[in-house]
Amino acid sequence: MIYCVEDDNGIRDLMIYTLNTAGFEAKGFTCGDTLFDAVQTEKPQLIMLDIMLPGEDGISILKKLRMHPQTKDIPVIMATAKGTEYDKVIGLDSGADDYLAKPFGMMEMVSRIKAVLRRTGPAEAEKCIKIGNLELNLETYVVIGNGERVQLTLKEYQLLRTFMENPGRVFTRDQLLKTVWGTDYMGETRTVDVHIGTLRTKLGECGSYIETVRGVGYRMEVML
């Protein structure tokens, strides 16, 4: 949700229409009082805030936003009709994340909003799978067992990932061959047993998480 604080009805309606067209939800407000009332109900992703407003100006509103714990982290883009260096500096020094000088294009506004949201949004967490004392990072391919990094071959890593992504599921040797080595692999199922053995050894104590299901295959034990 994007909040647009702009007293000019035509400009505000155009901003909201453009944002909706660009895939954002947007609401418009004419002054700080209605903005603060709305924030109590729904916290926006970003606020477009005009500096020149009737009554309380945008700089004063921005300072209040930055002082309140509930709103201090909301990204704010200031809009100024003057486009002077002074307005830009005051806005940025007061805590604005960016500014737009009027008249500005609607597509420029959308681009600036997306850029600010990328900068201020939460960092994407690393994609990790954890089972017991075993951790596998899907992005860096790093495997940690009992707090120590484990060096694996590509096939060993793929085997481990298959098990950790499907805890408790039993895989036959043929299924593991197709999943890890591919459908065109012509080797024997004994290949799976050899790789499982070396994988268990490299994982140390965590190697016991890979259980043999006699007469069927293998599974990763779910550690509670």
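What you are looking at is a predicted structure, and each value in this text was computed from that prediction instead of being measured. (Residues numbered from 1 in each chain as written. Predicted model: local features only at pLDDT ≥ 70, side-chain atom pairs only at ≥ 80, totals over all residues. Heavy atoms only, no water.)

Enquirer: How do you make sense of the pattern of salt bridges when you look at a structure like this?
Expert: Two side chains that carry opposite charge are able to pair once their charged atoms sit near each other. Summed over the entire model, instances satisfying the criterion amount to 14 salt bridges. One salt bridge in this structure joins Lys102 and Asp50, with 3.1 Å as the shortest N-O distance. Of this pair, Lys102 sits in the loop between strand S5 (98-101) and helix H5 (106-120) while Asp50 sits in strand S3 (residues 46-50), placing them 52 residues apart in sequence. Its relative accessible area of 19% is what places Lys102 among the buried residues. For Asp50, a relative accessible area of 2% corresponds to the buried category. The salt bridge partner of Asp193 is Arg190, with a shortest N-O separation of 4.0 Å. Pair noted here: Asp193 and Arg190 are both in helix H8 (residues 190-203), with a separation of 3 residues, about one helical turn. With a relative accessible area of 19%, Asp193 lands in the buried category. (Salt bridge = Lys/Arg side-chain N within 4 Å of Asp/Glu carboxyl O. Helix = DSSP H or I, 4+ residues; strand = E, 2+ residues; numbered from the N terminus. Buried < 20%, exposed > 50% of the residue type's maximum accessible area, 1.4 Å probe, protein only.)

Enquirer: Sorry, what's going on with the sheet that holds strand S6 (residues 128-131) here?
Expert: By way of backbone hydrogen bonds, the strands of a sheet pair with one another, either parallel or antiparallel. Pairing is antiparallel across the open sheet formed by 4 strands, whose spatial order is S6-S7-S8-S9. Two strands close off the open sheet at either side, each with one partner strand: S6 and strand S9 (148-150). The sheet shows a mean angle of 25° between the axes of neighbouring strands, taken without regard to direction. Across 3 bridges, the pairing between strand S8 (residues 143-145) and S9 is antiparallel. Each bridged residue has a counterpart across the sheet, and for Ile144 the counterpart in S9 is Arg149. Taken strand by strand, helix H6 (residues 154-165) contacts S6, strand S7 (134-137) and S8, and its axis lies near 110° from that of S7. (Pairing = 2+ DSSP bridges. Axes fitted to C-alpha atoms, helices over the stretch in contact; angles between N-to-C directions. Contact = heavy atoms within 4.5 Å.)

Enquirer: Sorry, what's going on with the sheet that holds strand S12 (residues 217-220) here?
Expert: Pairing in this open sheet of 3 strands is antiparallel, and the strands run S10-S12-S11 from one edge to the other. Each of the sheet's edge strands pairs with one partner strand only, and the pair in question is strand S10 (170-172) and strand S11 (210-213). Between one strand axis and the next, the sheet turns by 30° as a mean value, whatever way the strands run. Each of S10, S11 and S12 touches H6; the most contacted strand, S12, lies at about 65° to it.

Enquirer: Sorry, what's going on with the packing of aromatic side chains here?
Expert: We describe a pair of aromatic rings using the distance from one ring centre to the other and the angle between the two ring planes. With the rule as written, the count across this model stands at 3 aromatic pairs. Ring centres of Tyr3 and Phe29 lie 4.9 Å apart, and the angle between their planes is 70°; this geometry places the pair in the edge-to-face category. Remark: Phe29 occurs in strand S2 (residues 26-29) and Tyr3 occurs in strand S1 (residues 2-5); sequence separation between them is 26 residues. Both residues of the pair, Tyr3 and Phe29, belong to the buried class. Ring geometry for Phe163 versus Phe171: centroids 6.0 Å apart, planes at 75°, classification edge-to-face. The pair formed by Phe163 and Phe171 is uniform in burial state, with each residue classed as buried. (Phe/Tyr/Trp six-rings, centres within 6.5 Å; stacked < 30°, edge-to-face > 60°.)

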